[in-house]
Amino acid sequence: MKLSGGVEWALHCCVVLTAATEPVPAARLAQLHDVSPSYLAKQMQALSRAGLVKSVQGKTGGYVLTRAATEITVLDVVQAVDGANPAFVCTEIRQRGPLGTPPQDCTRPCPIARAMAAADAAWRASLQGVSIADLVGSVEQDSGPQALPTIGAWLDSANGSDGRENS
């Protein structure tokens, strides 16, 4: 499965938003991740359209998660950014050409379509089984218990103090 780079950025943003105590502007998230603010804003807008984050307006505005990190899955983020369409779409190639199978004989998906659908379902189930909270736990395990609080303090420290755009 090939995912856009936006999925990675969106997942990182969801993880670090758990550490912030105030709304975080997209520009601040972009600065943290050293990515284009306009590119990151696009990912945050996708998360907002999906109801995973909300934009808070005002002097100390920015983005916050809309629900607990335990209730947002990696699949939620993937679908918000890249859509929910399956990775494989069968075009019924078996019905083409001089020896094509007549449509009336194609009463169930072909073995290739079935294998690809099973793989897609397994991939989605795997991503559905991992929450943002699980990722937070992994970050803490890999980088130490102070990694996210340090990031949260950095995100919160400049909120509203440098005149940047709010969200």
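Residues numbered from 1 in each chain as written. Predicted model: local features only at pLDDT ≥ 70, side-chain atom pairs only at ≥ 80, totals over all residues. Heavy atoms only, no water.

Draft legend 1. Layout of the overall build of the protein. Each helix and strand in the protein was counted, giving seven helices and two strands. Each helix (α) and strand (β) of the protein, taken in turn from the N terminus, gives the series α-α-α-β-β-α-α-α-α. For a compact globule of 167 residues, the expected C-alpha radius of gyration is about 15 Å, and the protein comes in at 21 Å, more than 25% above that figure. For the protein, contacts bridging at least 24 residues in sequence account for 71% of all contacts bridging at least 6. Working note: accessible area of the protein is about 9400 Å², and carbon and sulfur atoms make up 55% of it. One way to put it: in the protein the 13 positive side-chain charges average out to a point 8 Å from where the 15 negative ones average out. (Helix = DSSP H or I, 4+ residues; strand = E, 2+ residues; numbered from the N terminus. Rg over C-alpha atoms; globule rule 2.2 N^0.38 Å. Contact = heavy atoms within 4.5 Å. Areas by Shrake-Rupley, 256 points an atom, 1.4 Å probe, with all protein chains shown as cover. Lys, Arg positive; Asp, Glu negative; His and termini not counted. Charge placed at Lys NZ, Arg CZ, Asp CG, Glu CD.)

Draft legend 2. Just a nonpolar patch on the surface, in detail. Taken together, the side chains of Phe88, Ile112 and Met116 make up a nonpolar region of the molecular surface, amounting to roughly 270 Å² of accessible area. When you line up the elements, Met116 lands in helix α5 (residues 111–128). (Patch = residues over 30% accessible without salt bridge, like charges linked within 9 Å, V, L, I, M, F, W, Y side chains within 5 Å. Salt bridge = Lys/Arg side-chain N within 4 Å of Asp/Glu carboxyl O.)

Draft legend 3. Quick look at the pairing of strand β1 (residues 53–56). With four bridges joining them, β1 and strand β2 (residues 62–65) adopt antiparallel strand pairing. Within β2, the residue paired with Val56 across the bridge is Gly62. Between β1 and β2, which pair antiparallel and follow one another directly, the connecting turn spans five residues, one of which, Gly58, has a positive phi of 115°. (Pairing = 2+ DSSP bridges.)

Draft legend 4. Local environment of the pattern of salt bridges. Under the criterion given, the structure shown has three salt bridges. Between Arg94 and Glu92 there is a salt bridge, and its shortest N-O distance comes to 2.6 Å. Judged by its relative accessible area of 23%, Arg94 falls in the partly exposed class. Classification of Glu92 as partly exposed rests on a relative accessible area of 24%. Of the charged contacts in the structure, one is a salt bridge between Asp120 and Arg124, with a shortest N-O distance of 2.7 Å. Linking Asp120 with Arg124, this pair stays in helix α5, spanning four residues, or about one helical turn. (Buried < 20%, exposed > 50% of the residue type's maximum accessible area, 1.4 Å probe, protein only.)

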